[in-house]
Every structure is written in C-alpha cells, then in structure tokens.
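Structure at a glance
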Amino acid sequence: MKILLYNPDNGVTRNFMPHLWMFLLQALTPPGHEVLLVDGNAQSMDEAGIAQFVRDNNIELVGIGAMTRMIAKAYRMADAVRATGVPVVMGGPHVTEMADEALGRDGGARHADAVALGEADATWPRIVADAARGELKDVYAPVDAFGQESKPSLKEYPVIPWESIDLKQFNLVPKAVKGTLQKIGEGWGTFRLIPVESGRGCPYGCEFCTVTGFFGDSIRFRTNESVVNELLLLKARARSEKGQMAVFFIDDNFAINIKRTKSLLRDIIAAGAQVHWVAQISANLLRDEELVDLIAASGGKWIFIGMESIDPANLKDMNKGFNKPGEYGAVLERLAQRNVYAITSFIFGMDNDTTGVAERTLEQVRTWPPGLPIFGLLTPLPATPLYKRLEKAGRLTRPKHWQEFIPFAMAHTPLKMSIEEAHAEVNYGWDQAYSAEALAHAVEALNDQPLGYRVNIFLARLCFRGIYFPMMGKMAWLKVIAQNRRTIFKLVREGFKAGAWRGAPARISASPVPQAEAVVAIAQAAGGDGRTIAFPAD
Ligand code: B12
Ligand code: SF4
C-alpha cells in the first residue's frame, strides 16, 4: 500500500519543527508499504490540494494526527480525502479524547474511518494490516491480550532512519542563501530542528494538561544507548550534507528522573554525541547544579520552563504547587551562568488573576537574565481535569472551542476578571516583552558577553515576537526592523569595530554564539513568511 501521513497546520502560526509521530509511525510500518510524509507547517496544503495529492500519488490510506488546536483543519482535510474514496485513520491527543466526534457518533458528521486511541506504537502495524485487507475497524485501542491498557515500554525503540529520510521540506535555510551558507565553516546549507524523545509520561498531573491522562503517570525511558545512537545518526547526516541539526528533546519533563537524565547526558558527552539542544524541564528540577553543568556540557542551549504564574495561589489551583515563583530568578541565573537561557511560559486568565497580572509578571521578568517569555491564556483542553471542573461549574463559554479555533481567545470566564480583560493582559504581555525597548534591554543585559550572544538573543526575540504578532510578508518585517533600528545599528557597528562582520559570517560563527538558534532566527527572518514557533504550556 501507499500510505500518506499528514499533519495539519493550525492556519495561524507555522511550527518549524517536524512532528515526531510521523517519523515514528513510518519506522513502525511493516515492510512492503511505502509511506509518504506531508507536514502542513512546512508544505502548505488545502482540501483540494490533499485530494489532488492523494489521487496523483495513488495513496491508499491516509493517517492524520492533530492536537486540539488543529483538529478543525484536520477534519476538513480528512473529509476531502474520504471524498476521494480513500480511507482515513486519525490519531493523536484530540481524537483519543473525542473519538466519538471523529467517528460521527456524537450526532455530527463522520470524519475518520478509524481512530487510534493513545500511543499507537503497537496498534499502527495492525491498522496497516487491516487497511491492506480492506477490514479497518472503527477504533484501535492499545490493549494487551487480556484487554488491559498497555503502554509501550520504549526499551525496544525503533531506529528512525535519519540517514535516509527525506527531510527536504524541513530545511529552515532559505533557498536563496543555501548555496553560500553551505560553504561556510562546517556548512550551514541546511538547518533542521529535529524532535527526539528520550522518555514519555509525567506524573505531575497539572490541571490544564493532557499529558498525565494521555501518557499515564508511569514514566518510561528509552535506553541511553538508543538515544545516543540517534544523536550520532543526526550528526552524521548533518555532516554529510554540510548542514546543521539541532534537537528538541520533546519529553514533557526531560529531567523528571534526575539521576537518569544525568546518566544520559554523561553518555552523550562520552560518545561525542553533543548537538545543540532544547528541552522542557520544570523549574524545581533545575535546582541541581550538577544537572545544569551537564546540560551545558552536553549541548543544552535553551530550556523551556512552564512557569505559568508568579502567583502561588494560582499554581496551587492548577495542581502545580511544585513551582515556586520565589526561586524562578535563581534558577534562571544558574542557567545563564552556563550560557543556557530559558523560554519562560506564562498563562493568564487563571482564577486568581486580576487586571494588571501582565505588568506584575513583567516586573519579575525584567529582573531575570534575558530570555524568551511567552504568554498564553488558560485553555480547557478536552478531558483534562480543568475542562471537567469548568464544565461542571457551567463556566465554559465555548464548550467546543476547537470547532472554531480562534488564536489567543478564552473559552471560559475567569473568576476575577472578564474574558476581554484577560485578552488585554496577554496583549500587554507580548506588546511590552517584545517592544523595541525590551529587545534593546535584553541585548544590553548581555553586554559582558561576546557579540554573538547578543545577536542571538536579539534574533530569537524577533522571531518569538511572531508567535503573537504575525509577521507575514516583507512590509511587516521592514516595520519591525525600523522599530528596532537603534539596536540593529548598535550591533552592526560593534561588529565592525571588532572586525566580526569582515569577511564572512564564518567569523561570527566562530564566536561562542548558540549557533543553532541564531540560524533558526536568521532563516525565519529571511523567509519572512510569518513561519514561527508556538510552545506548549510546559
Ligand atoms: C513537541 C510538542 C510541541 C511542538 C510542536 C509539535 C511538534 N512539531 O512536534 C511545539 C513546541 C511547537 C508545540 C506547540 C503547542 N503544543 Co504541543 N506538545 C509537544 C509535545 C511536548 C510532544 C509531542 C510529541 O512529539 N510527542 C511524542 C509522540 C510520539 O507522541 P504523539 O504525538 O502523541 O504521537 C503518538 C500518539 O498520539 C499517536 N498518534 C499521533 N498522531 C497520530 C496519527 C495517526 C494516524 C495515528 C495512527 C496515531 C497517531 O501515535 C504516536 C505514537 O504513539 C506534546 C506532549 C507530548 N508528550 O506528546 C505537547 C502537546 C501535544 N502540545 C500541546 C499543546 C496544547 C500545544 C500548544 C497549543 C501550546 C500553546 N498554548 O501554544 C501549541 C500549539 C502548536 C500549534 N502549532 O498550534 C498539548 C496538546 C493537547 C491537545 N489536546 O491538543 C500537548 C499534549 C501537551 C499538553 N500540555 O497537554 N507542541
Ligand atoms: S504541564 Fe508539564 S509538569 Fe504539568 S503535567 Fe503537564 S507535562 Fe507534567
């Protein structure tokens, strides 16, 4: 069979990182089938486009995976595929919780021929075999021979053949500069951010989060050897095509078992498998100095921290009392001392939030080392404890908010402010944190660091700005550049003084800039298509 795995974009922002599930299911597909991958974030497609693709390529089965945020688009694409007579199987967090919706059992239209519930590592080969025989079932659940829920142990993790996978659609370096950049230093003709998992599950059970329910609270890890080999494979591929690879360890809490994380990082260092990496780690786990040393030594550059709120009462409400706002500053300092910086994520619209929450949060942020703050609104995702609590209390204003996805819009009323006030707080947060003055301050805060670090934080901030303020097209970019002309001028002048710009960008990359991120930023800036990133709330 010819199988297409498709991941939709959300129609607003476009991730720069491919989705792991596609590569994983491709690697788990039994022999004898051909699997094509299309990520809507990299290869934009509409309903007519996917129908045409399916016909042109004689596709016989389409697998679609989506988060809640993309589900409306996923259903539209599924409908278009099914109209061509090709069956669709859907999987991922949303349909796991809302299988009846996907199967049209809730009174609505049917969008999928089959739904894979939960982790599909073991069910995917069965789905493919059934589809090949024309005997797809409605629902595939990960259960053992006794009908008990079973989760993959990850000890036998498939080898994802990174050396041969077609990654063309995921190159972040614009075509126009690819040739030149290929010749620079070790080569920058391609730059890719690749998702790698080292484990699954998180026991913390934060009220708004899908993860504990979906992956379970039993944490499972791959072997160190398997992760190290995957990094070596990625490094080899980058070298062979004169490009760069950075890794996003997508584990929900990469240091959930500190002893094991340290052992993995030591093995990465011992094997020379260091790549620049990003990971999500909760603040409480970053108290450990040795862990932070190992993060820096193994290539860690950015840590995503779900801070959520600076108000302990809010954190307690969300079952996230393990976050201690009083230590946020110290944690960030500890990272910054090793030149590791943080993406700090905040959620507004929590029950104890009142107007002014954004400014109160920013007052704290301004005292910390520069990083990338991001602001979102509390969103009741299906089947989370938060959704159930708000539903029971009759507080959901848009109970099926995913059917009409609106970015940065609440679906329930917070207790101590209105929906509009919560929206205004998010707007204020982004506006202030990414103003020209804030960018200039972030750069100045690194005045004692080499120029490369300052260029890096500036470019990263410019790109993160795009999560909230879509930067579509040249005009939008020109406007932002004009607003930030003083900082740009200062950086360029300093570069000339130091001789850093003379010759070629190779001179810049020789400075200790966290290069991977700088190049992402440059690529996005040059692309100018509003392609941007959005991170989960931890
Ligand atoms: C990496 C990641 C991202 C990346 C983007 C995704 C990417 N390019 O990889 C970034 C950082 C950009 C991101 C952003 C967001 N994310 Co996110 N993200 C994750 C994270 C941490 C890992 C995803 C992953 O690869 N998991 C590992 C793979 C193996 O698991 P999987 O994707 O679930 O796939 C398995 C099964 O679901 C199934 N499956 C999946 N798809 C399909 C398809 C078929 C056909 C079949 C058969 C099976 C199948 O099989 C796979 C193997 O078992 C998850 C949490 C998690 N641990 O999964 C959150 C998660 C998916 N994100 C979440 C959220 C909420 C977001 C944001 C909305 C956050 C925000 N407020 O901005 C944004 C939205 C982004 C957007 N484009 O609009 C939620 C989604 C909940 C939901 N109900 O939708 C999760 C679950 C985290 C959470 N806190 O609850 N995210
Ligand atoms: S928000 Fe983060 S820490 Fe909390 S349960 Fe989800 S993954 Fe775990």
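Presented here is a report on the structure given in the accompanying data block. Here the residue numbering is sequential within each chain, running from 1 through the sequence in written order. Chains carry letters from A onward and ligands carry numbers from 1 onward, assigned in written order. Whole-chain, interface and lining totals are the exception, using all residues; otherwise, since this is a predicted model, local features are given only for residues with pLDDT of at least 70 and side-chain atom pairs are given and counted only at 80 or more. Hydrogens and water are ignored here; the side-chain numbers use all heavy atoms of the structure.

1. Here we look at the sheet that holds strand E7 (residues 191-196)
Strand pairing is assigned whenever DSSP detects at least two bridges linking the two strands. Every helix listed is a DSSP run of H or I at least four residues long, and every strand listed is a run of E at least two residues long, numbered separately from the N terminus. What the six strands build is an open sheet, ordered E7-E10-E11-E12-E13-E14; its pairing is parallel. Looking at which strands have only one partner, the edges of the open sheet turn out to be E7 and strand E14 (372-377). Pairwise comparison of adjacent strand axes, ignoring direction, gives a mean angle of 20 degrees for this sheet. Across four bridges, the pairing between strand E10 (residues 244-249) and strand E11 (residues 276-280) is parallel. In the strand pairing of E11, alanine 246 is matched with histidine 276. A contact between two residues is defined here by any heavy atoms of the two lying within 4.5 Å. To obtain an axis, a line is fitted to C-alpha atoms, over the contacting stretch when the element is a helix, and the angle between two such axes runs from 0 to 180 degrees between their N-to-C directions. Docked against the sheet, helix H13 (residues 328-337) engages strand E12 (300-308) and strand E13 (341-348), running at close to 175 degrees with respect to E12.

2. So, the packing of aromatic side chains
Note on ring pairs: Phe, Tyr and Trp rings are taken, using the six-membered ring of Trp, and paired if centres are within 6.5 Å. Classes follow the plane angle, with under 30 degrees stacked, over 60 edge-to-face and the rest tilted. Under the definition given, this model contains 19 aromatic pairs. Ring centres of tyrosine 204 and phenylalanine 322 lie 4.1 Å apart, and the angle between their planes is 45 degrees; on these two criteria the pair is classed as tilted. Separated by 118 residues along the polypeptide, tyrosine 204 in the loop between strand E8 (199-200) and helix H8 (211-215) and phenylalanine 322 in the loop between helix H12 (312-317) and H13 bring together distant segments of the chain. Each residue is placed in one exposure class: buried if its accessible area under a 1.4 Å probe, protein chains only, is under 20% of its type's maximum, exposed if it is over 50%, and partly exposed if it falls in between. Judged by its relative accessible area of 23%, tyrosine 204 falls in the partly exposed class. Connected via pairs of aromatic rings, a cluster forms that spans Tyr328, Phe346, Phe348, Trp368, Phe375, Phe408, Trp430, Tyr434, Tyr468 and Phe469.

3. Brief notes about the packing of helix H10 (residues 258-270) against helix H11 (residues 289-297)
Interhelical geometry of H10 versus H11 gives an angle of 30 degrees and a closest axis separation of 9 Å. Between H10 and H11, the angle is such that the two are roughly parallel. Every pair of crossing elements has a handedness; the one defined by H10 and H11 is left-handed. Residues Thr261, Lys262, Leu265, Arg266 and Ile269 of H10 form the contact with H11, whose own contacting residues are Glu290, Leu291, Leu294, Ile295 and Ala297. Put simply, angles under 35 degrees are roughly parallel, angles over 145 are roughly antiparallel, angles from 65 to 115 are roughly perpendicular, and the rest are oblique. In this scheme the handedness of a crossing depends on how the near helix is turned from the far one: anticlockwise by less than a right angle means left-handed, clockwise means right-handed.

4. With respect to the pattern of salt bridges
Salt-bridge detection follows one rule: a side-chain nitrogen of Lys or Arg within 4 Å of a carboxyl oxygen of Asp or Glu. A full pass over the atoms with the stated rule returns 33 salt bridges. Measuring nitrogen to oxygen at the nearest pair gives 3.0 Å for the salt bridge that ties aspartate 9 to lysine 73. Taken together, the positions of aspartate 9 in the loop between strand E1 (2-7) and helix H1 (20-28) and lysine 73 in helix H3 (residues 71-83) put the pair 64 residues apart, joining distant regions of the chain. For aspartate 9, a relative accessible area of 7% gives the class buried. The class for lysine 73 is buried, based on a relative accessible area of 13%. Among the ionic pairs, lysine 320 bridges to glutamate 308, the shortest N-O distance being 2.7 Å. Of this pair, lysine 320 sits in the loop between H12 and H13 while glutamate 308 sits in strand E12, and the two are twelve residues apart along the sequence. Judged by relative accessible area, lysine 320 falls into the buried class, the value being 1%. Residue glutamate 308 is classed as buried on the basis of its relative accessible area of 0%.

5. Section: helix H9 (residues 224-240)
Spanning 17 residues, H9 covers 24 Å between terminal C-alpha atoms, matching the ideal 24 Å at 1.5 Å per step. For H9, the set of buried residues is Asn224, Ser226, Val227, Val228, Glu230, Leu231, Leu234, Arg237 and Ala238. The secondary structure elements touched by the buried residues of H9 are E7, E10 and H10. With its phi angle positive at about 50 degrees, lysine 242 sits one or two positions after the end of H9. To estimate the expected span of a helix, subtract one from its residue number and multiply by 1.5 Å.

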